[in-house]
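Structural description and commentary
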Amino acid sequence: MKLVMFDLEGTLANTMQADEACFVQALFDVFGFKDINTDWSVYRHATDSGILHELFESRLNRVPNQTEIHRFQNQFVELLKKSAQNSNGFELVAGVENLLNELAGRKNFGIALATGGWKISAEWKLITAKLNFQFHAAAFADDAVPREGIMECARQRALKHYQRTQFDSVTYFGDGVWDVRASKNLGCHFVGIGGETRAERLRNAGAKIVFSNYLEVDSLMRILEL
């Protein structure tokens, strides 16, 4: 069995712009942090938990405690809700449900979600984007700070769900240069998702295969079956 893992923001749903704005606003609302560098690729770990930890370390010389994390998460989700109301919700990346359903219909494929977002915000985004698909194996920024840790956690949960001791291969779908790096570090195959500018960044980071969306299901399946 081959495992196919997916990131969420920008990979399953077009949430990146709202996600970034709400994240930055929540940092100011809860902690008073200003002048946030939103080039997430420069952070040690481009995950919600990794970014928050690094900002705390650089500005307060400590890591956030659980109460502070929960306060931030709640404010972040509230801002996301307001953003979704103003923009009529979040849209799925074109064709993603068709690919997920195709994979789910094949016994030789397992599916997992491995997102750098927190569980509370990730699950809300999926509901708001109206993704009609249930991930039985998933991991979030709550489970680990590095993306590699999140991906490995998702893999372990997928092994348990599909009752396997190992997978023949693991492929990760992502939209950020950090996804390319994490996949390389873990020895996973990588498929990039992104338009022209993002596609160029992914290729410059080492991605060999990049699609703008999931509309070419047959082509994607041929790649995954290799």
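Everything in this summary refers to the structure shown in the same document. (Residues numbered from 1 in each chain as written. Predicted model: local features only at pLDDT ≥ 70, side-chain atom pairs only at ≥ 80, totals over all residues. Heavy atoms only, no water.)

1. Section: the environment of Ala13
As a reminder of what qualifies: To qualify as a helix, a DSSP run of H or I must reach at least 4 residues; to qualify as a strand, a run of E must reach at least 2; elements of each kind are numbered from the N terminus.
Within the secondary structure layout, Ala13 lies in the loop between β1 (2–6) and α1 (16–31). Taking C-alpha positions, Ala13 is 6.7 Å from Ala129, a pair spaced 116 residues apart along the chain.

2. A few points about the layout of surface pockets
One way to see where empty space is left: roll a probe the size of a water molecule over the atoms. Put simply, the test is: Of the two site types, the cavity is a set of points on a 1 Å grid over the protein atoms alone where a 1.4 Å probe fits but cannot get out, and the pocket is an open set with protein on both sides within 12 Å along at least five of seven lines, each lined by residues with an atom within 4 Å of a point. Grid points are joined across faces, edges and corners, and a volume is the space filled by probe spheres set on the points.
Within this model, the largest pocket holds a volume of roughly 380 Å³. Lining the largest pocket are 15 residues, and of these Met16, Asp175, Trp178, Arg198 and Arg201 sit closest to its centre. For the lining of the largest pocket, the elements supplying multiple residues, two or more each, are α1, α7 (177–186) and α8 (196–204). The dominant element in the lining of the largest pocket, judged by the number of residues it contributes, is α8, at three residues.

3. Describing the sheet that holds strand β5 (residues 189–193)
Applicable threshold: Two strands qualify as a pair provided DSSP detects at least 2 bridges between them. For this analysis, residues touch if any pair of their heavy atoms sits within 4.5 Å. Only C-alpha atoms enter the line fits that serve as axes; for helices the fit covers just the stretch in contact. Angles between N-to-C directions range over 0 to 180 degrees.
Taken in spatial order, the six strands make up an open sheet running β3-β2-β1-β4-β5-β6, and their pairing is parallel. In this open sheet, the two edge strands, each paired with only one partner strand, are β3 (138–139) and β6 (210–211). Two strands pair when backbone bridges link them, and strand β4 (residues 169–174) and β5 are joined in this way by four bridges, in the parallel orientation. Its bridge partner being in β5, Phe173 is matched across the sheet by Val191. Across the face of the sheet, helix α6 (residues 147–161) comes into contact with β1, β2 (109–114), β3 and β4 while running at roughly 140 degrees to β2.

4. Structural notes on the packing of aromatic side chains
Rule in force here: Stacked, edge-to-face and tilted labels apply to pairs of Phe, Tyr and Trp rings (six-membered ring for Trp) whose centres lie within 6.5 Å, assigned for plane angles under 30 degrees, over 60, and everything in between, in that order. Burial status follows relative accessibility: with a 1.4 Å probe on protein chains alone, a residue under 20% of its type maximum counts as buried, one over 50% as exposed, and anything between as partly exposed.
Summed over all chains, the structure comprises 15 aromatic pairs. Between the aromatic rings of Phe31 and Phe72, the centroid separation amounts to 6.0 Å while the plane-to-plane angle is 15 degrees, which identifies the pairing as stacked. With Phe31 in helix α1 and Phe72 in helix α3 (residues 66–86), this pair connects stretches of sequence that are 41 residues apart. Using a relative accessible area of 18% as the deciding quantity, one classes Phe31 as buried.

5. Points about the environment of Glu102
To be explicit about the condition: The term polar contact refers here to a pair of N or O atoms within 3.5 Å; inside protein, the definition further demands a hydrogen-donor-capable atom paired with an acceptor-capable atom, and it admits residues adjacent in sequence only when both atoms are side-chain atoms.
Relative to the assigned elements, Glu102 resides in helix α4 (residues 96–104). Here the alpha-carbon distance between Glu102 and Met221, two residues 119 residues apart in the chain, equals 8.5 Å. Excluding residues that lie within four positions of it along the chain, Glu102 makes contacts with Val217 and Met221. Within polar-contact distance, the side chain of Glu102 engages the side chain of Arg106 at 2.7 Å.

6. Thoughts on the packing of α3 against helix α5 (residues 119–128)
Two quantities define a packed helix pair, namely the angle between the helix axes and the distance between the axes. What counts is decided by this rule: Here the word oblique covers every angle except those under 35 degrees (roughly parallel), over 145 (roughly antiparallel) and from 65 to 115 (roughly perpendicular). By convention, the crossing between two helices is left-handed when the near helix turns anticlockwise from the far helix through less than a right angle, and right-handed when the turn is clockwise. Gly counts as polar in this scheme, as do all residues outside two lists: the nonpolar Ala, Val, Leu, Ile, Met, Phe, Trp, Tyr, Cys and Pro, and the charged Asp, Glu, Lys and Arg.
Direction vectors running N to C along α3 and α5 enclose 15 degrees, while the axes themselves pass 10 Å from each other. As judged from the angle between their axes, α3 and α5 are roughly parallel. Considering the relative orientation of α3 and α5, their crossing is right-handed. Mapping the contact onto sequence places Gln73, Asn74, Phe76, Val77, Leu80, Lys81 and Ala84 in α3 and Ile120, Ser121, Trp124, Lys125 and Thr128 in α5. Class assignment for the residues of the contact of α3 with α5 results in six nonpolar, four polar and two charged.

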